[in-house]
Amino acid sequence: MTNRTVLVLLDPATEVRTSVLELLTIARGLGRVEAVALEAPTVEVLAQLGAYGIETVHQAELARDGACVSGDERHLPAVVAATLAAAVRLTDADVVLLPTSFAAKETAALAAHELGAGLVIDAAAVREVDGRIVAGKRVFAGAWDTECAVTTDVAVVTVRANSAVAQPAEAAVEPVTEGFAVEVAPSPVTLLSREVKADTSGRPPLDQAAVVVAGGRGTDGDFGPVEDLADALGAAVGASRDAAFEGWWDAYVGQTGVTVAPRVYIGAGISGAPHHRGGMQASQVIVAVNSDPEAPIFEICDFAVVGQLADVLPQAAAEIRKRRS
């Protein structure tokens, strides 16, 4: 391991999501790892970070024109980017790792611009080769696997969920929280309110889930079998773009929707148009259920089931629950 310093964004600081634990695992293979938080981490969060070998948490003390930045505003991409840039200058860090969410991608781009850093979005692997950070990623709707070497002093990388198996450090440590000042530039936009949509389903977030079950036009608007199978598997639920535009589900998988790379992806009643394939083709195992044996999704899947999803999915859910019990 080199003498690199790797910063991992922790936002929110009230929980450590699986995607962040994966980032910490990847980061340990690159150098010394420190976390950056926008608020004070809880005792439980500090214990988790300590289990993953994090000795220092840099907590931002945000201010604009001498006044503290509000709790809602501090999570805006521009503010988080300023925080990361300040943390890099403070620690002389070489690498910044973030999860691949919509907000994190914007944050990464803004931070890289301010730092003059190399930027890689949606990486599936991050390693060091001949002194440079190299990120592997799939591009052109899954047609090419590429490796991108960062040639600048600082690398900013967003990493897809499920790119690594989270592993605690060999020995736990006791993290220390250190505050550092961040002066936020004046903004032409004022945040009036911020509402986080509550998820009462108990399912994992779509962009972070290890297993995803998605439904398409073949559901005819009935996502009951899709949800039932997802709950049996502890999976997230997604949809094709057409199904989302019909109002049958709120989040869709695709190039302009949510890009996912779970360990298992189950597409039910989805034909597999290029737009959809571009958002899920990096999945490790793809299972397709479709009544049309000529559906394009069968060209890329690992397991194909020709049949009506209303028949196949309930049987699969029942068998999974039977085996688990």
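Residues numbered from 1 in each chain as written. Predicted model: local features only at pLDDT ≥ 70, side-chain atom pairs only at ≥ 80, totals over all residues. Heavy atoms only, no water.

An unreviewed UniProt entry lists the protein chain under the name Electron transfer flavoprotein subunit alpha/FixB family protein, with Promicromonospora umidemergens as the source organism. What the UniProt record of the protein chain gives under Cofactor (unreviewed entry) is the line "FAD". Within the UniProt record for the protein chain, the comment given under Function (unreviewed entry) is "The electron transfer flavoprotein serves as a specific electron acceptor for other dehydrogenases. It transfers the electrons to the main respiratory chain via ETF-ubiquinone oxidoreductase (ETF dehydrogenase)." (UniProt positions renumbered as here; feature names shortened; annotations may be inferred.)

1. Some details on the sheet that holds strand β12 (residues 211-215)
Strand order in the open sheet made by the five strands is β13-β12-β14-β15-β16, with parallel pairing throughout. Because the sheet does not close on itself, it has two edges, and the strands there are β13 (236-239) and β16 (303-306). Each adjacent strand pair in this sheet contributes to an overall mean axis angle of 15°, direction not counted. Sheet topology note: the β12/β13 ladder contains four bridges and is parallel. Note that in β13 the partner of Val-212 across the bridge is Ala-236. Sheet contacts for helix α5 (residues 224-233): β12, β13 and β14 (264-268); angle to β12, the most-contacted strand, approximately 175°. Sitting on the sheet, helix α8 (residues 309-324) is in contact with β14, β15 (285-290) and β16, with an inclination near 135° to β15. (Pairing = 2+ DSSP bridges. Helix = DSSP H or I, 4+ residues; strand = E, 2+ residues; numbered from the N terminus. Axes fitted to C-alpha atoms, helices over the stretch in contact; angles between N-to-C directions. Contact = heavy atoms within 4.5 Å.)

2. Quick notes on helix α1 (residues 18-28)
Where burial is concerned, most of α1 is hidden: nine out of the 11 residues are buried. Along α1, the residues that are buried comprise Ser-19, Val-20, Leu-21, Glu-22, Leu-23, Leu-24, Thr-25, Ile-26 and Ala-27. Turning to α1, the residues buried within the fold contact β1 (5-10), β2 (32-37), α2 (43-51), β5 (95-99), β7 (125-129) and β10 (155-159). (Buried < 20%, exposed > 50% of the residue type's maximum accessible area, 1.4 Å probe, protein only.)

3. As for helix α4 (residues 102-115)
With 14 residues, α4 extends 20 Å from end C-alpha to end C-alpha; this agrees with the ideal 20 Å at 1.5 Å per step. Within the span of α4, buried status applies to Ala-104, Thr-107, Ala-108, Ala-111 and Ala-112. The buried side chains of α4 occupy one side of the element, clustering within an arc of 130° when seen end-on. Structural note: α4 exposes Phe-102 and His-113 on the side pointing more than 90 degrees away from its buried face. Buried residues belonging to α4 abut α3 (77-91), β5, β6 (118-123) and β10. (Expected span 1.5 Å × (residues − 1). Arc of directions from axis to C-beta.)

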